[in-house]
Amino acid sequence: MSQFAHDGLPRGWAEAPVLELATTITKGSTPTTYGHDYKETGISFVRVENLADGHIDRETLTAFIDESAHTALRRSQLQMGDVLYSIAGTIGRTAIVRGQDLPANTNQALAIIRGTDTVVIPSYLIHFLSSSTSQQRTFSRHEAGQ
């Protein structure tokens, strides 16, 4: 008897849209849109170019915001365990937010996928989102305007 079900997945596994796996999916904001300036130091403001090898490369952070901007941009505040997925510019980059990355906030080019850890291991989700299968699905939907 095969360990795989008829659809190629291991027995007991099921394919599901990310919307069904997460408690929250949102995206970041641009501070200047809301009257906040970038700072030379302060709370990290994560952008697509700061994602590398499945994590936030803190050495590449060059944008920061102050506490008032961070508070005002509550929707885009990052939490430990969040999965980041680039949805503009370089589409398909991924990262898991770690404790040492916080406090941090992010812009509109990054989707924040939160609360998946109750149904899937975040590192597995990143592995899948980075796979050629997922990338092909993303690009075909992006080209179709979905």
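Described in the following lines is the structure provided in the data block. (Residues numbered from 1 in each chain as written. Predicted model: local features only at pLDDT ≥ 70, side-chain atom pairs only at ≥ 80, totals over all residues. Heavy atoms only, no water.)

**So, the overall build of the chain**
Rule in force here: By the criteria applied, helices consist of DSSP H or I runs no shorter than four residues and strands consist of E runs no shorter than two, each listed in order from the N terminus. Exposure is judged per residue with a 1.4 Å probe applied to protein chains only, and the accessible area is read against the type maximum: over 50% gives exposed, under 20% gives buried, and values in between give partly exposed. In what follows, a contact means two residues having at least one pair of non-hydrogen atoms within 4.5 Å. The method behind every accessible area is Shrake-Rupley, applied with a 1.4 Å probe, and residues are considered shielded solely by the protein chains displayed.
Tallying secondary structure elements over the chain gives four helices and nine strands in all. Shown N-terminal to C-terminal, the secondary structure of the chain runs as helices and strands in the order α-β-β-β-β-β-α-β-β-β-β-α-α. Going through the 146 residues of the chain one by one, you find that 38% of them count as buried. The contacts in the chain between residues at least 6 apart in sequence include a share of 68% that link residues at least 24 apart. Counting every atom, the chain has about 8700 Å² of accessible surface; 51% of that belongs to carbon and sulfur.

**Some thoughts on unusual backbone geometry**
As a rule of thumb, non-glycine residues mostly have phi less than zero, and peptide bonds are mostly trans rather than cis. With an omega of -5°, the peptide bond running from Leu102 to Pro103 counts as cis. With respect to the helices and strands, Pro103 occurs in the loop between β7 (94-96) and β8 (104-106).

**Re the sheet that holds strand β6 (residues 83-86)**
What counts here: Any two strands between which DSSP finds at least two bridges are classified as paired. Axis definition: a line fit to C-alpha positions, over the contact stretch in the case of helices; interaxial angles, taken between N-to-C directions, run 0 to 180 degrees.
Spatially, β1-β9-β6-β7 is the arrangement adopted by the four strands of the open sheet, whose pairing is antiparallel. Pairing within the sheet leaves two strands with one partner each, and these edge strands are β1 (24-27) and β7. On average, each strand axis in the sheet is inclined to that of its neighbour by 20°, with strand direction left out of account. The pairing of β1 with strand β9 (residues 110-114) spans four bridges and is antiparallel. Bridging from a neighbouring strand, Lys27 pairs with Ala111 of β9. The strands touched by helix α3 (residues 122-129) within the sheet are β6, β7 and β9, with β7 carrying the most contacts at an inclination of about 175°.

**Considerations on the sheet that holds β8**
Across the sheet, three strands lie side by side as β5-β2-β8; this open sheet has mixed pairing. Here the strands that pair on one side only, and so sit at the sheet edges, are β5 (64-65) and β8. Taken together, the three bridges between strand β2 (residues 43-46) and β8 define a ladder with parallel strand orientation. From the neighbouring strand, Val46 faces β8, where its bridge partner is Thr106.

**Thoughts on the environment of Gly28**
Secondary-structure assignment places Gly28 in the loop between β1 and β2. Expressed as a C-alpha distance, the spacing of Gly28 and Val46, which sit 18 residues apart in the sequence, is 9.3 Å. In contact with Gly28, not counting residues within four places along its chain, are Arg75, Ser76, Thr106, Asn107, Gln108 and Leu110.

**Brief notes about the packing of aromatic side chains**
Convention followed: The aromatic pairing rule takes the rings of Phe, Tyr and Trp, using the six-membered ring of Trp, and pairs them if the centres are within 6.5 Å, calling planes under 30 degrees apart stacked, those over 60 edge-to-face and the rest tilted.
Enumeration according to the criterion identifies one aromatic pair in this entry. Judged by centre distance (5.5 Å) and plane angle (70°), the ring pair of Tyr38 and Phe45 falls under edge-to-face. Among the residues examined, Tyr38 registers a relative accessible area of 35% and is labelled partly exposed.

**Thoughts on the pattern of salt bridges**
Note the following rule: Only one rule defines a salt bridge in this text: a Lys or Arg side-chain nitrogen within 4 Å of an Asp or Glu carboxyl oxygen.
Evaluation of the coordinates by the stated rule reveals four salt bridges. Two residues, Asp66 and Lys39, come together in a salt bridge whose shortest N-O distance is 4.0 Å. Of the two residues, Asp66 sits in the loop between β5 and α2 (67-72) while Lys39 sits in the loop between β1 and β2, which places them 27 residues apart along the sequence. Residue classification places Asp66 among the partly exposed residues on the basis of a relative accessible area of 28%.

**A look at the pairing of β9**
When you tally the buried positions in β9, you get five out of five residues, the bulk of the element. Burial of β9 is two-sided: the residues Leu110, Ile112 and Arg114 facing one way and the residues Ala111 and Ile113 facing the other way are all buried.

Taken by themselves, the reported measurements are silent on function.
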